[in-house]
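Structural overview for review
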Amino acid sequence: MTVFRLFSNLMLSVVLLVFTASSHAGEEEFIDSYNQAVRDYRLVEAQEILKEGIAQYPNSSLFPLQLVSLKAAIRSFVGQQWRMVGEYKDSQPGRAWRACQRILNVAPSHAQAAELSLTLRALADKDLAVALAEADTAIVQNRFDDLREALGRAIVIDPESEQVRSLIRHAQEKMAENSHKATETAAKQWAVLENKRANPGKGSETPRVLVAELKESLKTALAARPGDPEALSIARRAQATLTTSSDPKVRTVVNEIAQIAATSADDTGTLLDKGKRLLAAGQFEQAQSLFERVARSNQFVHVAQGYLHVGLAILARANPANVMEFPSLRLKALAAFQNALRFDHQLTLPKGYAKFDEAFVAARQMV
């Protein structure tokens, strides 16, 4: 049974309860609690709510019927999770281990899941240690592209690892420090460059070399801290002053500085807000482009929201009637939601997007 069909079965249980609620006024509190538990995929809790309803309302036919329905849904859920274990146990043991844990939460007597869970956890811990060591080395060596790749692997292995969270915080501190130093260096380089231009012939360095060094400093500063006003100010002054240089190589580097400034003019929070406005206005592809920039940023603070809104932008333009395109778009949205939940497992859909709840719940069950 697919995740979609499983979710449909659960929602049918919700609908049946709501349908009969009017004739069971005293049971409304149980109904509301049960409905919410089902929507949140808290299946064990939903089962306990129904059992309590049976105990308090022994003459009601509502709760026993729904308990049977819920048990069937739990069996389907266990089957879906067990297939995930089979699919990922070799390539992503951490993901397979979490599927085992979801099985054991709703079916504690599942012997195969209990046995395999121990092996998968050991494999996941081994892979996690390697990824964390690589991430730590990348931080020390200021290799932030490698850091992002290593942290990405670590998050897939164990999204709730405090070691991963600690490394992300450490990386943010290191990048902020590097950005500050690079901005200070860029300011000094710009001062030297202005002096060289005002007094040609002095010193052995050429303006071409100085401009190239300035570009690298600004690139470092703005990669770690997009939107930094001081770095952007230096970049804009360089562009305004050096665009008319007689040296074509200088003009080329100045154009590269302008491109760096243009793509780093906004911090991730500003990009996220711009994307949300575009999304609300129906400009889905433009919004997705901004959200993807947020998600790929080295500023991890908004990465989860970036991925979440990438998924929303994809689903917003996905038409279920288009049987050729819709399945592919839905899979891309699910992948974005999964990435978002890896960075922040407590994420919920923003207000106004409840219609995408089915896809979001499905993604949560595959993280």
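What counts, and at which threshold
Residues numbered from 1 in each chain as written. Predicted model: local features only at pLDDT ≥ 70, side-chain atom pairs only at ≥ 80, totals over all residues. Heavy atoms only, no water. Helix = DSSP H or I, 4+ residues; strand = E, 2+ residues; numbered from the N terminus. Contact = heavy atoms within 4.5 Å. Axes fitted to C-alpha atoms, helices over the stretch in contact; angles between N-to-C directions. Parallel < 35°, antiparallel > 145°, perpendicular 65-115°, else oblique. Left-handed = near helix turned anticlockwise from the far one by under 90°. Buried < 20%, exposed > 50% of the residue type's maximum accessible area, 1.4 Å probe, protein only.

Digging into the overall build of the chain
When you go through the chain residue by residue, the secondary structure sums to 16 helices and zero strands. Of all intrachain contacts in the chain linking residues separated by at least 6 positions in sequence, the fraction that spans at least 24 positions is 63%.

Focus: the environment of Ala221
By secondary structure assignment, the location of Ala221 is in helix H9 (residues 207-224). Apart from the residues within four sequence positions on either side, Ala221 is in contact with Ser179, Ala182, Thr183 and Ala231.

A word on the packing of helix H15 (residues 326-343) against helix H16 (residues 357-364)
Axis angle and axis distance: for two packed helices, these are the angle between their axes and the distance between the axes, and together they describe the pair. Running from N to C, H15 and H16 point in directions that differ by 55°, and their axes come no closer than 9 Å. Between H15 and H16, the angle falls in the class oblique. Note that H15 runs across H16; the crossing there is right-handed. Facing Arg330, Leu334, Phe337, Gln338 and Leu341 of H15, the residues of H16 in contact are Glu358, Ala359, Phe360, Ala362, Ala363 and Arg364.

Observations regarding the environment of Arg121
Examined against the element boundaries, Arg121 turns out to sit in helix H6 (residues 111-140). By relative accessible area, Arg121 is classed as buried at 18%. In the structure, Arg121 is positioned 27 residues away from Gly94 in sequence and 6.6 Å away in space, judged by C-alpha atoms. Each residue touching Arg121, except ones within four places of it in the same chain, is listed here: Trp97 and Asp158.

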